[in-house]
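Architecture at a glance
One-letter residues, chain by chain:
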Amino acid sequence: MTNNIDAACAAANAPVIPDDKLPDDRRRLIDIDDAIAKIRTQIATADLSRQRSGKPIDPEWFHRARTALRHLYRERAEFVACSHGRRRRDRLKDEIISVLRERYETDDWTAVLDEASARLEREEAR
């Protein structure tokens, strides 16, 4: 049985989002992933050439390519760790605050902020 929906076909037919519509953090992640894919493709191409010709891959080039990959993977991991988990949580908190601010009168909202600040100070004092 043949699978008509493979990854290459799906990627080729996927809708393209213009760069100006993407948030900066998403654009940066896409750039990192693209750079990783390019280096991996170069390494795979060099390996196929090595297999075909029997000549070894230039060890200095290979070392530089692998080092670049390692740095990109590290940058990607740090970026994902910093931006996605924490950033989503911060956005959720901002939305919760927005909803609550709409529901409370100004005096009540001030009391809520004062209580939250007092709790934070007690927590930091521990």
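Just so it is clear, the structure is predicted and the values come from calculations on it, not from any experiment.

**Considerations on a nonpolar patch on the surface**
On the surface, a cluster of nonpolar side chains totalling about 410 Å² of accessible area is made up of L92, I96, L100, Y104 and V112. Per-element accounting of the nonpolar patch gives the leading share, 3 residues, to helix 3 (residues 59-103). Note that Y104 resides in the loop between helix 3 and helix 4 (106-125).

**Details of the layout of surface pockets**
In this structure, the largest pocket encloses a volume near 290 Å³. Taken together, I97, L100, W109, V112, L113, E115, A116, S117, R119 and L120 make up the lining of the largest pocket. Those elements that provide at least two residues to the lining of the largest pocket are helix 3 and helix 4. The leading source of residues in the lining of the largest pocket is helix 4, at 8 residues.

**With respect to the pattern of salt bridges**
With the rule as written, the count across this model stands at 6 salt bridges. For D34, the salt bridge identified is with K38, shortest N-O distance 3.5 Å. With D34 and K38 both in helix 2 (residues 24-53) and 4 residues apart, this pair spans about one turn of that helix. The exposure class assigned to D34 is partly exposed, which follows from its relative accessible area of 39%. Between R74 and E78 there is a salt bridge, with its nearest N and O atoms 2.7 Å apart. With R74 and E78 both in helix 3 and 4 residues apart, the pair spans about one turn of that helix. A residue is classified by how much of its surface remains accessible, and R74, at 55% relative accessible area, is exposed. Residue classification places E78 among the partly exposed positions, given a relative accessible area of 42%.

**Quick look at the nonpolar core**
Counting residues in each nonpolar core, the largest one holds 7 residues, listed as I32, I36, I39, I43, A65, L69 and L72. When residues of this core are traced back to their parent elements, those giving at least two are helix 2 and helix 3. Here this core gets 4 residues from one element, more than from any other, and that element is helix 2. Other than its neighbours up to four places away in sequence, I43 contacts W61, F62, A65, R66 and L69.

**What to know about the confidence of the model for the protein chain**
Mean pLDDT for the protein chain: 83, with 79% of residues reaching 70 or above. Per-element confidence in the protein chain is highest for helix 2, whose mean pLDDT is 92, and lowest for helix 1 (residues 7-13), whose mean pLDDT is 58.

Basis of the calculations
Residues numbered from 1 in each chain as written. Predicted model: local features only at pLDDT ≥ 70, side-chain atom pairs only at ≥ 80, totals over all residues. Heavy atoms only, no water. Patch = residues over 30% accessible without salt bridge, like charges linked within 9 Å, V, L, I, M, F, W, Y side chains within 5 Å. Areas by Shrake-Rupley, 256 points an atom, 1.4 Å probe, with all protein chains shown as cover. Salt bridge = Lys/Arg side-chain N within 4 Å of Asp/Glu carboxyl O. Helix = DSSP H or I, 4+ residues; strand = E, 2+ residues; numbered from the N terminus. 1 Å grid on protein atoms, 1.4 Å probe; cavity = no way out; pocket = protein on both sides within 12 Å on 5 of 7 lines; lining within 4 Å. Points joined across faces, edges and corners; volume = space filled by probe spheres on them. Buried < 20%, exposed > 50% of the residue type's maximum accessible area, 1.4 Å probe, protein only. Core = buried A, V, L, I, M, F, W, Y, C linked by side-chain atoms within 4.5 Å. Contact = heavy atoms within 4.5 Å. pLDDT = per-residue confidence, 0-100.

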